[in-house]
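Take a look at the letters that make up each chain.
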Protein chains: 2
Amino acid sequence: MHGAGWCYRRFKDEGFRLTIPRQAILDVFNQNSKHLSAEEIFLLVHRNYPGVGLATVYRTLDLLTQMGIIFKSDFGDGCSRYELADEATKGHHHLICTRCGRIIDYSDFIEKEEKFTKELETELSQKYKFKINSHQIHFYGLCDKCQ
Amino acid sequence: MHGAGWCYRRFKDEGFRLTIPRQAILDVFNQNSKHLSAEEIFLLVHRNYPGVGLATVYRTLDLLTQMGIIFKSDFGDGCSRYELADEATKGHHHLICTRCGRIIDYSDFIEKEEKFTKELETELSQKYKFKINSHQIHFYGLCDKCQ
DNA sequence: AATGAAAATGAAAATCATTATCAGTTAATA
DNA sequence: TATTAACTGATAATGATTTTCATTTTCATT
Ligand SMILES: [Mn+2]
Ligand SMILES: [Mn+2]
Ligand SMILES: [Zn+2]
Ligand SMILES: [Zn+2]
């Protein structure tokens, strides 16, 4: 991933502080490649830093999302879920089972997807004067266990 | 759109009843091509049928979603939003402004998208034994007024 | 090292979309 | 008409997220 200094610099440059709670939350993302909810992140952070409160987790997730470091998704299970923006934006997309809620990351055919979305982004941003920063492709259906 | 009889048949065949509140809610969708929240639908229905309660709106939206008649999306503004599944699934995709929340429907380049997603769906459903029913493509960024 | 301003925090309360409960109503069918 | 299951509105409950507020931490400047 990025060096530790990179993050510190980004925070500093934008007038934020890279505090212990924030580092702890970033660590969770770097050690965990799942789609985590605020509650799950809170519990993981709590193992090493029992003092960190849930409100701070929410505040930090919001900040990291604003900064574009993590990506917030809604998979329809009642809470927002977050993952590193690199992975979410570039690496893969999602199959979502509408019965059991399972989420499958797929990274097959990504070259083809990249090519396709790049073209589309160019045309769309021109036509709508829209500055595109990221995209998401969700396929909904039934996983093998649910059909 | 579909004839009125079509809907009645679908409900009946699946053991549901096409009641007044349900018809009223379906009418809202047929007269309105926006991405509506439960609250907004409740208010629109309320004009002609003041007796219909919010709980019934939620229940009906859930039922229509299960039946695949409407499509539920989350655009990140704190509530679920619904539109007719035909339009949502086949006709267009979305540009979402992360600053002001504006949602732009686009239906340009749809032929190209259709071709692309069809191929992808075939390959993905094979590899993951996943039965794909629908998909969503969201582009996030800044609209013309927000950059 | 002491100071002061701004940023950040935890605990608790508040908000608000959504869901569950429940007693009464409606529609289908025999 | 009687039986039954589906459906309803009103209301309470739930639960994720946000806000509030008093206190603490950070950090540039003395
Ligand atoms: Mn993912
Ligand atoms: Mn749309
Ligand atoms: Zn499943
Ligand atoms: Zn905007």
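Residues numbered from 1 in each chain as written. Chains lettered and ligands numbered in written order. Predicted model: local features only at pLDDT ≥ 70, side-chain atom pairs only at ≥ 80, totals over all residues. Heavy atoms only, no water.

Q: How should I be thinking about the sheet that holds strand S1 (residues 36-37) of chain B in this particular structure?
A: Strand pairing in a sheet relies on backbone hydrogen bonds. The paired strands run either parallel or antiparallel. Residue and element names in this part refer to chain B. With respect to topology, three strands assemble into an open sheet ordered S1-S3-S2, the strand pairing being antiparallel. Every interior strand has two partners, whereas the edge strands, S1 and strand S2 (70-74), have only one. In this sheet, strand S3 (residues 80-84) lies alongside S2 in antiparallel orientation, the contact comprising five bridges. Directly across from Asp74, in S3, lies its bridge partner Ser80. Strands in contact with helix H2 (residues 20-31) are S1, S2 and S3; relative to S3, the strand with the most contacts, it is inclined by about 75°. (Pairing = 2+ DSSP bridges. Helix = DSSP H or I, 4+ residues; strand = E, 2+ residues; numbered from the N terminus. Contact = heavy atoms within 4.5 Å. Axes fitted to C-alpha atoms, helices over the stretch in contact; angles between N-to-C directions.)

Q: Can you walk me through the coordination of the manganese ion (ligand 2) in this structure?
A: Tetrahedral coordination by four donors puts the ideal angle at the metal at 109.5 degrees, and octahedral coordination by six puts it at 90 or 180 degrees. At the metal site, the manganese ion (ligand 2) is ligated by B:His35 (NE2), B:Glu83 (OE), B:His92 (NE2), B:His94 (NE2) and B:Asp105 (OD), and these contacts range over 2.1 to 2.6 Å. Relative accessible area serves as the criterion here: at 2%, B:Glu83 is assigned to the buried category. (Donors = N, O, S within 2.8 Å, 3.2 Å for Na, K, Ca; no water. Buried < 20%, exposed > 50% of the residue type's maximum accessible area, 1.4 Å probe, protein only.)

Q: Please clarify how the packing of aromatic side chains should be interpreted in this entry.
A: Given two aromatic rings, one states the distance between the centres and the angle between the planes to describe the pair. The final tally for this structure, using the stated rule, is five aromatic pairs over all chains. Their ring planes at 75° and their centres at 5.5 Å tell us that A:Phe71 and B:Tyr140 sit as a pair that is edge-to-face. Placement of the pair is A:Phe71 in strand S2 (residues 70-74) and B:Tyr140 in strand S6 (residues 131-142), with the two residues belonging to separate chains. The pair formed by A:Phe71 and B:Tyr140 is uniform in burial state, with each residue classed as buried. (Phe/Tyr/Trp six-rings, centres within 6.5 Å; stacked < 30°, edge-to-face > 60°.)

Q: Whenever I open this one, the protein's contact with DNA strand C confuses me. Can you help?
A: By nearness alone, 19 residues border DNA strand C, and A:Thr19, A:Arg22, A:Thr56, A:Arg59 and B:Tyr58 come closest of all. Within the contact set of DNA strand C, a phosphate oxygen lies 2.6 Å away from a side-chain nitrogen or oxygen of A:Thr19. Contacts to DNA strand C include A:Arg22, whose side-chain N or O atom sits 2.7 Å from a phosphate oxygen. Looking at the surface near DNA strand C, the elements that each hand over two or more residues are helix H2 (20-30) and helix H4 (54-66) of chain A together with helix H4 (54-66) of chain B. Class assignment of the residues belonging to the surface near DNA strand C gives a composition of seven nonpolar, six polar and six charged. (Near = heavy atom within 4 Å. Polar contact = N/O pair within 3.5 Å; in protein donor to acceptor, adjacent residues only side chain to side chain. Nonpolar A, V, L, I, M, F, W, Y, C, P; charged D, E, K, R; others polar.)

Q: Sorry, what's going on with the relation of the copies chain B and chain A here?
A: Related by rotation about an axis and a shift along that axis, the two copies of the chain form a pair. Mapping chain B onto chain A is achieved by rotating through 180° and translating by 0.0 Å along the same axis, at an RMSD of 0.1 Å. Both chain copies can therefore be described as sitting about a two-fold axis. When C-alpha positions in chain B are compared against the rotation axis, the closest is assigned to B:Ile137, at 2.3 Å. Of the residues that chain B buries at the interface, 100% are likewise interface residues in chain A, meaning the two copies contact each other through the same surface. (Least-squares fit on C-alpha atoms with pLDDT ≥ 70 in both.)

Function cannot be read off these values alone, since they describe shape.
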